[in-house]
Amino acid sequence: MLTAVPPPVTVRVPGKINLHLAVGALRSDGFHELVTVFHAVSLFDEVTVATSDAPGVEVHGEGIVEVPEDETNLAWRAVAMLAAHVGRPAEVRVTLRKGIPVAGGMAGGSADAAGALLGLSTLWKLDLTRDELSRMAAQLGSDVTFALHGGTALGTGRGERVVPVLSRHSQHWVIALHRQGLSTPAVYRELDRLRLAAAGPDGPSPPERPVEPVLEALAGGDPRQLALSLGNDLQAAAVSLAPDLRRTLRAGVSAGALAGIVSGSGPSCAFLCANADAAVEVAAELAGAGVCRTVRVARGPVPGARVIDAPDPP
Ligand code: C5P
């Protein structure tokens with residue numbers, strides 16, 4: 001008897017910026033203890049999972065030369081983990097359509113892993129709870145859990161423990177994409193190096209970056225107040241490795257943004273704008289300033305990984 005092949009499942013999943021990123025001590029497992037505020041923005045990847053006798057990953061979109069199409073791809077590792085969890089062979093093909101900048105500090109790889117987890121569990125009708133998915137997500141990477149949940153959330157641990165944060169009103173952003181990507185581990189290493197150079201091995205621990213002001217600003221919803229409370233401990237390290245980011249950050253503020261910040265480990269920069277019209281104006285001026293590869297307008301928060309009816313054409 002022939003069994004019907006289920007139709008492919010497509011999941012849309014957002015990129016993120018960190019409105020607040022306080023990096024604590026380096027742990028014995030090689031990760032840093034974090035307190036962060038994740039904010040999902042409207043740059044999306046689409047992840048399609050289909051039954052296939054040619055299993056594997058294919059990638060479409062901008063910047064894809066840097067994305068592996070083998071078993072090291074985080075989306076494939078998500079598929080392999082879920083297949084092993086339920087004891088089924090991973091006879092599926094994963095197609096990634098990239099709208100999130102690659103190696104940009106916006107967790108695009110983590111988004112793909114979250115999309116693959118949700119896509120495969122839907123294709124196979126696994127009926128997993130969000131908690132079960134979150135547990136697998138946390139094993140795959142520090143940002144994968146947030147990509148499942150989306151919205152605005154407080155992240156602790158190495159970033160994998162997330163709780164939603166009250167966030168009134170949409171915020172409007174311009175994202176400036178850099179010419180070259182930065183490696184996340186390299187940026188964390190550079191931060192450790194800078195801290196050691198500043199304080200010495202027995203020197204004082206890094207200054208605390210309190211999270212309360214950003215939480216209060218989000219609850220109030222005023223972008224001007226939020227602009228004053230954005231902060232990222234990784235920014236100095238990203239700028240140290242890619243010094244021209246300084247010029248990009250200055251240009252966004254000169255173009256009328258309320259504030260600019262390196263997104264996560266960079267090198268994408270996120271500029272907070274007063275409203276949607278201001279974001280379009282800032283994007284146009286920044287695009288003409290020659291300080292970045294390209295710009296995108298985005299809003300946040302947006303929901304996390306969601307199954308959609310049909311993908312956009314590639
Ligand atoms: O978890 P993920 O694979 O995204 O992390 C990539 C790298 O970033 C880690 O291998 C580690 O070098 C660095 N990292 C860290 N502390 C964190 C998260 C990431 O040092 N909390």
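Details of the structure are given in the entry above.
Okay, so let's go over this structure. Model, not experiment: these values are computed from the prediction. Just so you know, the residues in each chain are numbered from 1, in the order the chain's sequence is written. Confidence filtering applies because this is a predicted model: local features only for residues at pLDDT of at least 70, side-chain atom pairs given and counted only at 80 or more, and all residues used for totals across whole chains, interfaces and linings. Only hydrogens and water are removed before side-chain values are computed, so all heavy atoms of the structure are retained for them.

1. Remarks on the overall build of the chain
- Only DSSP runs of H or I covering at least 4 residues are called helices, and only runs of E covering at least 2 are called strands; the numbering of each starts at the N terminus. Scanning the chain from terminus to terminus reveals 10 helices and 12 strands.
- Just to be clear, the radius of gyration here is over C-alpha atoms, and the globule rule we use is 2.2 Å times residues to the power 0.38. Its C-alpha atoms give the chain a radius of gyration of 19 Å, near enough to 20 Å, the size a compact globule of 314 residues would have.
- Projecting the C-alpha coordinates of the chain onto the three principal axes gives extents of approximately 65 × 50 × 35 Å.
- Long-range contacts, defined here as pairs at least 24 residues apart, represent 75% of the contacts in the chain between residues at least 6 apart.
- For the area figures, the Shrake-Rupley method with a 1.4 Å probe applies, and any residue is considered shielded solely by the protein chains shown. Of the roughly 14300 Å² that the chain leaves accessible, carbon and sulfur atoms contribute 54%.
- In this charge count, Lys and Arg are treated as positive and Asp and Glu as negative; neither His nor the chain ends contribute. By convention, charge coordinates are those of NZ in Lys, CZ in Arg, CG in Asp, or CD in Glu. One finds the centroid of the 27 positive side-chain charges in the chain at a distance of 2 Å from the centroid of its 32 negative side-chain charges. Here a residue-residue contact requires only that any non-hydrogen atoms of the pair lie within 4.5 Å.

2. Describing the environment of Arg 247
- Mapped onto the fold, Arg 247 is located in helix α9 (residues 245–254).
- Distance from Arg 247 to Gly 290, taken between C-alpha atoms, is 10.0 Å for residues 43 residues apart in sequence.
- The residues touching Arg 247, leaving out its near neighbours within four places in the chain, are Gly 290 and Val 291.

3. Quick look at the site of the ligand
- The near set for a molecule or strand comprises every residue that places at least one heavy atom within 4 Å of it. Neighbouring the ligand are Gly 30, Phe 31, His 32, Leu 34, Gly 141, Ser 142, Arg 158, Thr 184, Pro 185 and Tyr 188.
- One nitrogen or oxygen atom from the side chain of His 32 is found 2.7 Å from an oxygen atom belonging to the ligand.
- Between Arg 158 and the ligand, the recorded distance is 2.9 Å, taken from a backbone N or O atom to a nitrogen atom.
- When the ligand sits alone it has 460 Å² of accessible area, and the protein chains cover 75% of it. As used in this structure description, the phrase polar contact means that two N or O atoms lie within 3.5 Å; if the pair is within protein, one of them must be able to donate a hydrogen and the other to accept it, and residues adjacent in sequence are counted only when both atoms belong to side chains.

4. Comments concerning unusual backbone geometry
- That bond from Gly 266 to Pro 267 is cis: its omega, 5°, falls within 30 degrees of zero.
- Along the chain, Pro 267 falls in the loop between β9 (259–262) and β10 (269–273).
- Between Gly 300 and Pro 301 the backbone carries a cis peptide bond, its omega angle lying at 5°.
- Considering the arrangement of structural elements, one finds Pro 301 in the loop between β11 (294–300) and β12 (306–308).
- Although it is not a glycine, Asp 127 sits at a positive phi angle of roughly 60°.
- Mapped onto the secondary structure, Asp 127 falls in the loop between α2 (108–123) and α3 (130–140).
- Partly exposed residues are those whose accessible area sits between 20% and 50% of the maximum for their type, while under 20% is buried and over 50% is exposed, using a 1.4 Å probe and protein chains only. According to the relative accessible area criterion, Asp 127 is exposed, its value standing at 74%.
- The phi angle at His 169 is positive, at roughly 70°, despite the residue not being glycine.
- In this fold, His 169 is placed in the loop between β6 (161–164) and β7 (171–177).
- Given the relative accessible area of 52%, His 169 is considered exposed.

5. What to know about the state of the cysteines
- Here, the term disulfide refers to a pair of cysteine sulfur atoms separated by no more than 2.5 Å. In the structure shown here, the tally under the stated rule is zero disulfides.
- Left unpaired, Cys 269 is separated from the closest cysteine sulfur, that of Cys 292, by 8.2 Å.
- For Cys 269, a relative accessible area of 1% corresponds to the buried category.
- Free of any disulfide, Cys 273 has its nearest neighbouring cysteine sulfur in Cys 292, separated by 13 Å.
- Residue class for Cys 273 comes out buried when judged on its relative accessible area of 0%.

6. Describing a positive patch on the surface
- Each patch is built from residues lacking any salt bridge and having more than 30% relative accessible area; the joining distance is 9 Å for like charges and 5 Å for nonpolar side chains (Val, Leu, Ile, Met, Phe, Trp, Tyr). One side-chain nitrogen of Lys or Arg within 4 Å of one carboxyl oxygen of Asp or Glu is enough to make a salt bridge. Positive charge collects at one region of the surface, where Arg 179, Arg 246, Arg 247 and Arg 250 lie side by side.
- For Arg 247, a relative accessible area of 47% corresponds to the partly exposed category.

7. Comments concerning the nonpolar core
- Residues Trp 173 and Ile 175 are the most contacted members of the largest nonpolar core, which totals 60 residues.
- When residues of this core are assigned to their parent elements, the largest contribution, eight residues, is made by α2.
- Domains are outlined according to an automatic or database domain assignment. Here this core spans two domains, since at least three of its residues come from each of domain 1 (9–166) and domain 2 (171–300). We define the nonpolar core as a collection of buried residues of types Ala, Val, Leu, Ile, Met, Phe, Trp, Tyr and Cys that are connected through side-chain atoms lying within 4.5 Å of one another.

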